[in-house]
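Residues per chain, in single letters:
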Amino acid sequence: MSAPDRHGGNPAASISVVVCVYTEDRWEDILAAVASVRAQSLAALETLLVVDHNTPLLDRLAKEYKETEGVRVLANAGPRGLSAGRNTGIAASAGEIIAFLDDDAVAERDWLRHFAEGYADPQVFAVGGRTMPVWESRRRPAWFPEEFDWVVGCTYKGLPGGRVRVRNVLGGNASFRRTAFEAAGGFATGIGRDGDKRPLGCEETELCIRLARARPDAILLIDDRAVIHHRVPAARERFSYFRTRTYAEGLSKALVARSVGAGKGLESERRYTTRVLPAGVGRGLRDALLARPGGAGRAGAIVAGVVTAAGGYVLGSVRARRGGAAFSVVEIGKEADGEGAAA
């Protein structure tokens, strides 16, 4: 394997994959995720399993992969949560590109190859992919609108296809050039998911906007050929989760807007809410008139999703103004020391 390219060329032979894990309930999913990385047509330099403050899981995975070359198991060195786990993986990785895969997803064979192709351009600092839902019930709920597939961590209707420039990539299926973290810092802690607590998000959005400010020349891409398949458990197929997740997204968006300004923080969301969602409501109502299953439910879910997200955003904005909500950005490698700049 060739040495990492530190001068901006195509670092195809130098990709580290970070998989953050937190519960033994996903044991089989974790094994499948790692197996999919090891089966890539373009071999990863290494796979890092970062365990989020769960000693039994840490010990079990260490035993499972003790003799597996190229797989390392390590503990989250920062506070509990996905962002600190990712930062731990970045700091421990050796690759010039760091890719992230959800612990309940499997990557298609050419996933890393398509990521690597994007970095042939030295101005590309991030490449994301397409995430497809795998419904536990074996089919999409009739009421669940594709425009809201982000609720279950998947690519949603309204995103452009092909290989296109974007404001931000989606964190469960994404990669970054190492220099992106050197320029902008790591993922912000206190904004994203924390084990089984409220399903917050937007940490990758905030990072990408911060990166664009630090490096105005940076190009961020989504290549929809870089595909992963993400398991959606039955609990997340229910409207109660849909409502909770959209509300939490509003809370998270308020934090992002507080950090980077509403102009950048809500730039993509304005197009989504003024164009994509009204079109989705129209399709749902049309299907209802044609007596097609789920049409009225999809239209209603879109309206409900907008209302609950807006409610979360308003409450989150009030909390942020009062100083009741904050997050911090750490320099990679300093999570364990608690160093960083408050945001």
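Residues numbered from 1 in each chain as written. Predicted model: local features only at pLDDT ≥ 70, side-chain atom pairs only at ≥ 80, totals over all residues. Heavy atoms only, no water.

Asker: How do you make sense of the environment of Y65 when you look at a structure like this?
Answerer: Mapped onto the elements, Y65 comes out in the loop between α2 (55-64) and β3 (71-75). Taking the C-alpha atoms as reference points, Y65 and L49, separated by 16 residues in sequence, lie 9.9 Å from one another. Contacts of Y65, omitting those with residues within four sequence positions, involve I30, L31, V34, L49, V71 and V73. (Helix = DSSP H or I, 4+ residues; strand = E, 2+ residues; numbered from the N terminus. Contact = heavy atoms within 4.5 Å.)

Asker: Just checking my understanding: could you explain the confidence of the model for the protein for this structure?
Answerer: Reading fine detail from the predicted coordinates is not recommended where pLDDT is low. The predicted model of the protein averages 87 in pLDDT, with 85% of residues at 70 or higher. Between residues 1-9, whose pLDDT stays under 50, and residues either more than four places distant or in other chains, the model counts 15 contacts. A low-confidence stretch, residues 335-343 (pLDDT under 50), is modelled with 21 contacts involving residues beyond four sequence positions or located in other chains. (pLDDT = per-residue confidence, 0-100.)

Asker: Looking at this structure, I do not really get the packing of aromatic side chains. What am I missing?
Answerer: Following the criterion strictly, the structure yields 16 aromatic pairs and no others. Between W111 and F115 the ring centres are 5.2 Å apart and the planes differ by 55°, which places this aromatic pair in the tilted class. With W111 and F115 both in helix α4 (residues 111-118), this residue pair falls four residues apart, about one helical turn. Residue class for F115 comes out buried when judged on its relative accessible area of 0%. For the ring pair F144 and F242, a centre distance of 5.6 Å and an interplane angle of 85° mean the geometry is edge-to-face. One end of the pair, F144, is in the loop between β6 (124-135) and β7 (163-165); the other, F242, is in helix α7 (residues 239-260), and 98 residues separate them in sequence. The two residues F144 and F242 agree in class, both being buried. Above the plane of the ring of F100 lies R86, whose end atom (NZ or CZ) is 5.8 Å from the centre. Here the guanidinium or amino end of R86 rests over the ring plane of F187, the centre of that ring lying 5.1 Å away. (Phe/Tyr/Trp six-rings, centres within 6.5 Å; stacked < 30°, edge-to-face > 60°. Buried < 20%, exposed > 50% of the residue type's maximum accessible area, 1.4 Å probe, protein only. Lys NZ or Arg CZ within 6 Å of the ring centre and 35° of its normal.)

Asker: Please clarify how the packing of helix α1 (residues 27-38) against α2 should be interpreted in this entry.
Answerer: A pair of packed helices can be characterised by two numbers: the angle between their axes and the separation between those axes. Packing of α1 against α2 brings their axes to within 13 Å, and their N-to-C directions diverge by 40°. Here α1 is positioned oblique relative to α2, judged by the angle of their axes. Crossing of α1 against α2: the hand is right-handed. Across the interface between the two elements, W27, I30 and L31 from α1 touch L57, R60, L61 and E64 from α2. The class makeup of the residues in the contact of α1 with α2 is five nonpolar, no polar and two charged. (Axes fitted to C-alpha atoms, helices over the stretch in contact; angles between N-to-C directions. Parallel < 35°, antiparallel > 145°, perpendicular 65-115°, else oblique. Left-handed = near helix turned anticlockwise from the far one by under 90°. Nonpolar A, V, L, I, M, F, W, Y, C, P; charged D, E, K, R; others polar.)

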